[in-house]
Structures are given as C-alpha cells and as structure tokens.
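Coordinates in review
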Amino acid sequence: MVFETHNPCYNYTVLDNPWRSINNTNASAIKCDTDVIWSGWYRLFINNRSAHIPDTCVSKGHCGKDVSLWIRGGNPTVMDGVVTRDVCGYFGSYCCYIGSYPIKVKACPDNYYVYKLVSPTRCDSGYCADTDSVNTISTSVSPETTSAGINITLQKECGSRDCFQNLLDQIENITSQVLSVNTVTDILTVVFNASESSSSSSSSSVSPAKLASDGNRVLKSSEKLISTLVKPTDTSANVSFTLAALEVEVFMVGPQVTLDKIPRLVTTNSSVDIDLIGIAKNNSGGSAAVAFMSYNTMENLLKADFFNTSNDTIKTMMSTVISATLPQTTNTKLTKPVNFTLKHIREFDPSGSLSCVYWNISEWIVDGCSVLETNSSFTVCSCVHLSTFALIMQTSRPQESNSLMELLNLVCVIVGLVFFSLALLTFALCQWSPGVNNVARINLCVSLLLAHLLFLLTQQFLSLIRREQVLCAVISGVLHFLFLSGFVWMSIEAVLLFIGVKNLSQISSKKREVLSSGFLCVIGYTIALVVVSVSVGLLPEGYGSEDCWIKIDKGFIWSFLGPVCFILALNTILFINIIIILNSTLKNLNAEVSQMRQTKIMTFKTLAQFVVLGCSWILGFFSNDSEMLEILFLILNSQQGTFIFLVYCVLNDEVRQQYRKFFRCLCSGRRQH
C-alpha cells in the first residue's frame, strides 16, 4: 500500500490557464488540456479563479479537443479523503464512450480540489476545467442521477479477451440497485464494443465453449444493468433506449394500474406480448416489471451452430437474439404463454425448417417454444417461459458443384441449339409438298431455340445479371413465356400427329380444314401469354430468383409446373393412343418389302416423337435422387432440336433429295472456281 507523505491539499502544483483557449458561449469558462507531463498533485485555476474537473457530461468540443474528459462518480467530500475516479470522454452521442486511466481526487477544507492526473489515452482528448462553485459539504449524491456505487474503468481500447473479461467482472461487482439510463447506456456501449472487438480479433482461436461462456456473461451483465432501471410506481411507467448493438424496452406496473393489459413491447426487429398485469396480481405488492431486449450482434457469440440436431443441416440465425425477464419481481410464474413476433433478418427459404429456440447455458433448444404462424417476413413464437430466444432455420446442405455435369450441360445445349437452327433452315428453305404443315414444328423450334439460348446466356453471365434485379425478373418472365409456348407447341404437334395416324389418308385435308396456320399461332402463343400475364398480375415479385428464374416462394413455381404437368399428361395419353392405333394399322398392311421399310421408318419416327413431344420431361420429376436419370434427362431434353431434325428432315425422302441437289451445286461451284 502506498501512503502520501505530505498532505496534497498543501503540497500541490498550481496550474493556471494551462489549457488551450476556445470560443465558449457558456457562462462557465471551460478550458482543455493540451500536452502536460503529469507529476504529483495539481490544483486548477482559470484566470486566478479556482477550478475543478466537471463531474457531469461535457459536450464534444467544449474543451478545445474533440473528446471532452470529465470524471464519473461525483466529486468527493472532505470526509472522503483521497478517492479514485474514472475518467469519461464524450464522443458520438454517448457521454462515456471513451475512458481513460483512473485519477485520484481529494476535496480540501478551503473549498477546492486537488488532482493526481495521468495522460489521456487519446491524443484528441483532454481534461476539462470548470469555474462553477464547488460543493464539498454534501456527503453523497443520489444514485438515480449519477454513477455512485459504481467503480468501473471504461477503456475505449478494450479489444483483447482479458480486457473484455475484466470489464464483465467489474459489472458483476456493481452494488447499486438503481442507475440512470445514461449510466446504463454508457456501460452497455463499452461492453458491446469490447465484445465485438474481442470476438472479431480472436474468432478463430476462441473455442465454442468460451464463446458460449462469453455470451452467458454478456447476457447476465446486460440483464443486471437493465434491472437497475426498474423503479417503484403506483400506476405504470416505461423506460426505453436504443444502442447500435441493443434495443431495450422496460415496462413497470404498480398496484393502482388502470390498464387492462400492457401495450406490446416493440423493437425494430421483434415484439412481445406478455400478461404483465396478471403477473403483477400474483405478487404480494401488486407490482411487476418486464424487460425486453433485442441484441443485434449477439449471434457472434451465441451462434446458430449451437443448435444441436440429428440432421446434418445448415443452421442460420433468422432473427435477432432477444431476451425477456421479469426484474425485481418476486413471483415470476407466467399466467399465459408469451408470444414473440420475430422479423426475418435474412432471406426466407420455404424449403427450410424454422424452429423457435431458447438459450440453455451452452446450446439452443426448443423445449417449451413452438411456431404459431409464419410467412416470408415474420414468425410468431409462443413460449411458456422467459429466457433468451431466437429463430433458427435449418436447410439442406447444397450439393457440391459437379464440373463434369456443368460441362455436359453446356455441350448438350450447344449441340441442341445447332440442330434447332439446322431444322429451322430446312423448314424455311426446302420445298415441301402442299399437304405438309410445318407450322407447329417451326414455332416449336423457335420457342425452344430462344428459351435454351436465353437460359444458357443467363447462366453464363449470372453474376452480372443478378446485380440488376429488374433485369433478372424480366429475364425470368421471358423464359417463363418461351418455355410455356414451347410446351403448348409440343401439345399442338401431338394433336396433329394423332390426327395424322388416325386418318392416314386424309391428313392433309384435315389439317387444312380444321387446324389452319393462323388458328395454330393464336393457340400456340396466346395460352402462354395469358398464363404469364395472370402470374405477373397476381404475384409480380415471384420472378427473379437467385438463378433468374421463377421463385419457389408461396408455390409460385406452379404457375409453370401446373401447365407443364397438364400438357405432359395430355401428350403422354396421345402418344400411347398413337402407338396403339399405329400398331393396329400396321397389322392390316401387306408385308411387302417396300411397305415393311416404310413401316420401320414410320415406327422410328413415332417412337422419336416421345422426345419431340416433350414426354421425356417427365424424367425431371424423378431425377433428383439418381445421377443416371439426371444425365438421361439432360441429354434427351437438350436434344429435342436434334430429334426434330432427324425425324422431319433427315428421314424425309423429299428433303434428302433437296439436300443432295444442294450439295451437288455446292461442289460443282467449287470446282468451277
């Protein structure tokens, strides 16, 4: 222990005007420290007037420095002797955001103070001096307006784990039962700043057990400090404040409360409904209080991975961490379950599983909590006890990227696009017999060519397109229209093929009379346009997923799958009937060689229609669990253009003759040159 050998009230150094002058409109002339080498005790003077360091908050810039330093805990009395006081610095909007090392203060009998000063921790901070009168007679100050009963050193640079732990130790030693809001917010600001610095600087080295321990201590310290805001009341009262890392709502009721129920306690991302009136009636004094806290950064300590489940899933914190307690309330038994409404702070995945959980020392568990209702933005949790709560979503782990499948998809789509183009050139340039109607095939090729091309380009430049949400939504809408129109044209082709097989001798006249080209075009594009228009009208935000496709949220994907399933079912029924009718027709034909050859070609063409008509898309409903089915699905559906080119161009005698004539002309032309 160190004892003073001389009485500092008579052995001090006089500091008269040692601070930088500033323009100050206040009546009390406040000056500020510049650069002093501190040694021993000092008595402060300003223009020969005795001065002292203020013991209340001093605004920014009032002392010639950005950070104005003042002492917290009140100036001592003569009877207190030498005391130690923490130094606070006003910064931002917080009176004690920045701290210095403690200094020693002594009140002297002749109505002045002496100080044993140390250098501030920041070069832009300085001690303030005030010439207001000094009161050395009072023996104590009300803890409701100052920090009496608190002995905490708040340092700005508290990024190490040891400093953070020391700060929590000091908070646990607080003896005051009632504190001011300013005092509580000052301490909590430093706590969460230190917590964030400590967790970010050592996140890789701190074990999960230590993170959980730190989280428990922060929760305990926060609840202890906030409980000091509870004051006795006859009717009702409330206290609230908002910090960067924490929002707090405290509501108190007394024996003469006139409310039927307390208002909903609301923070930015959460709210709570609790029967505090019923709880108060079960207490002997008829009083009760609830403290509701929303922590914005607590998930850095109480991570979602602390939610232990049997399934190997990805856990995501979907809400801020919240706490609800009943401070200074004797009987804390709930009369009704408490409902918490939690706003989703991350994108909602409809395929995920949501759980309302509470913190139980070392892990998140669901006991006593359940999901009442949920949508894409909010979830309402009901709990039969109070604690620390959160909303955690479990989602399946994404499959690892398969570069071989991506390469196969790219090659197959490009090959399919080439054959779509060749088929379109053939339909456009070759001469066809009057009885052939290629309207459905041409439009089918156009729709699928544009759809596959747009989809391929979108996926190749997805990282750029995704930044423009409107463009991404427009692309997904256009893809919706193109693929749907492609399926409609597949259905029209199935109907035409069915008519052709059923009426082999009248196919030309039937198509001309019943299904004209104009009528087919109206059907082929109008149906898809109507479906997309209705979808946009009902849920315009349904377009523009992460892959620039239709969102699966709220079942909107069925605006595509519904019509596709109907068309696939219709095409499959028509295809089966075509096979049955064709088989019956072929049995009645004479088995001549020429007829047998035509029969085989027609059989191959009919079987190839399974792909042309899109029936192979059915494999998509079963390919999730089978890599072989996924590959088969990819190959068949990317090669619809190839099958169209083979069936209607390569295997058509008239077209082959025109191919030969074209190549002869091409070869003869080269020879002449």
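Look up a bit, the structure's there.
For clarity, every value in this text was computed on a predicted model and none was experimentally measured.

Calculation rules
- By convention here, each chain's residues receive numbers from 1 onward along its written sequence.
- Local features in this predicted model are restricted to residues of pLDDT 70 or higher, and side-chain atom pairs are both shown and tallied only at a pLDDT of 80 or more, whereas totals for entire chains, interfaces and linings draw on every residue.
- Only hydrogens and water are removed before side-chain values are computed, so all heavy atoms of the structure are retained for them.
- Segments assigned H or I by DSSP are reported as helices when at least four residues long, segments assigned E as strands when at least two residues long, and all are numbered from the N terminus.
- Here the term buried applies to any residue with accessible area under 20% of the maximum for its type, exposed to any over 50%, and partly exposed to those in between, with areas from a 1.4 Å probe on protein chains only.
- Note on contacts: a residue pair qualifies if any of its non-hydrogen atoms lie within 4.5 Å across the two residues.
- Residue burial considers only the protein chains on display, and all accessible areas are found by Shrake-Rupley using a 1.4 Å probe.
- Only Phe, Tyr and Trp rings take part, Trp by its six-membered ring, and two of them pair if their centres are within 6.5 Å. Stacked means planes under 30 degrees apart, edge-to-face means over 60, and tilted covers everything else.
- Put simply, a disulfide is two cysteine sulfurs that come within 2.5 Å.
- Any two strands with at least two DSSP-identified bridges between them are counted as paired.
- Throughout, nonpolar core names a set of buried Ala, Val, Leu, Ile, Met, Phe, Trp, Tyr and Cys residues whose side chains join them through atoms within 4.5 Å.
- Here an axis means a line fitted to C-alpha atoms, over the contact stretch when the element is a helix, while the angle between two N-to-C directions is reported on a 0 to 180 degree scale.
- Here the angle decides the label: under 35 degrees means roughly parallel, over 145 means roughly antiparallel, 65 to 115 means roughly perpendicular, and every other value means oblique.
- It is the rotation of the near helix from the far one that decides the hand of a crossing: anticlockwise by less than a right angle makes it left-handed, clockwise makes it right-handed.

Here's the deal with the overall build of the protein chain
The helix and strand tally for the protein chain stands at 15 helices and 23 strands. Looking at the protein chain as a whole, 47% of its 673 residues are labelled buried. For the protein chain, long-range pairs separated by at least 24 residues make up 71% of all intrachain contacts whose partners lie at least 6 apart in sequence. Taken as a whole, the protein chain presents about 33,800 Å² of accessible surface, with 56% of it coming from carbon and sulfur.

Thoughts on the packing of aromatic side chains
Under the criterion given, the structure shown has 13 aromatic pairs. Ring geometry for Trp549 against Phe560: centres 5.2 Å apart, planes inclined by 80°, an arrangement best described as edge-to-face. Taken together, the residues Trp549 in the loop between helix H10 (517-538) and helix H11 (558-587) and Phe560 in helix H11 connect sequence positions 11 residues apart. With respect to class, Trp549 is no different from Phe560; both count as buried. The structure contains a cluster of three or more aromatic residues connected by ring pairs, namely Phe483, Phe487, Trp549 and Phe560.

Some remarks on the state of the cysteines
According to the stated counting rule, one finds three disulfides in the structure shown. The side chain of Cys472 participates in a disulfide bridge whose partner is Cys548; the two sulfur atoms lie 2.1 Å from each other. Judged by the sign of its S-S torsion, about -125°, the bond between Cys472 and Cys548 is left-handed. Pair noted here: Cys472 is in helix H8 (residues 469-502) and Cys548 is in the loop between H10 and H11, with a separation of 76 residues, a long-range link. In this pair, the class of Cys472 matches that of Cys548, namely buried.

A short note on the sheet that holds strand S18 (residues 338-343)
Overall, antiparallel pairing links the five strands, which are arranged S13-S14-S18-S22-S21 in an open sheet. The open sheet terminates on both sides in strands that have one partner only, identified here as strand S13 (265-266) and strand S21 (369-374). Note that S18 and strand S22 (residues 378-383) share six bridges and pair antiparallel. In the strand pairing of S22, Val338 is matched with Cys383.

Topic: the nonpolar core
In this structure, Phe427, Phe487, Phe560 and Ile644 are the most contacted members of the largest nonpolar core, which totals 52 residues. Of all elements in the fold, only helix H5 (403-429), helix H6 (439-460), helix H7 (462-465), H8, H10, H11 and helix H14 (640-650) reach the threshold of two or more residues within this core. The biggest single contributor to this core is H8, with 12 residues. Leaving out residues up to four positions away in the same chain, Phe427 has contacts with Trp432, Asn438, Arg441, Ile442, Cys445, Ile644, Tyr648 and Cys649. Val190, Ala289, Met293 and Met298 belong to the second largest nonpolar core, which has 47 residues in total.

As for the packing of H6 against H10
Direction vectors running N to C along H6 and H10 enclose 30°, while the axes themselves pass 10 Å from each other. The angle between H6 and H10 falls in the class roughly parallel. Where H6 crosses over H10, the two elements pack in a sense that is right-handed. Between H6, through Val439, Asn443 and Ser447, and H10, the contact on the second element is made entirely by Ser517, Leu520, Cys521 and Tyr525.

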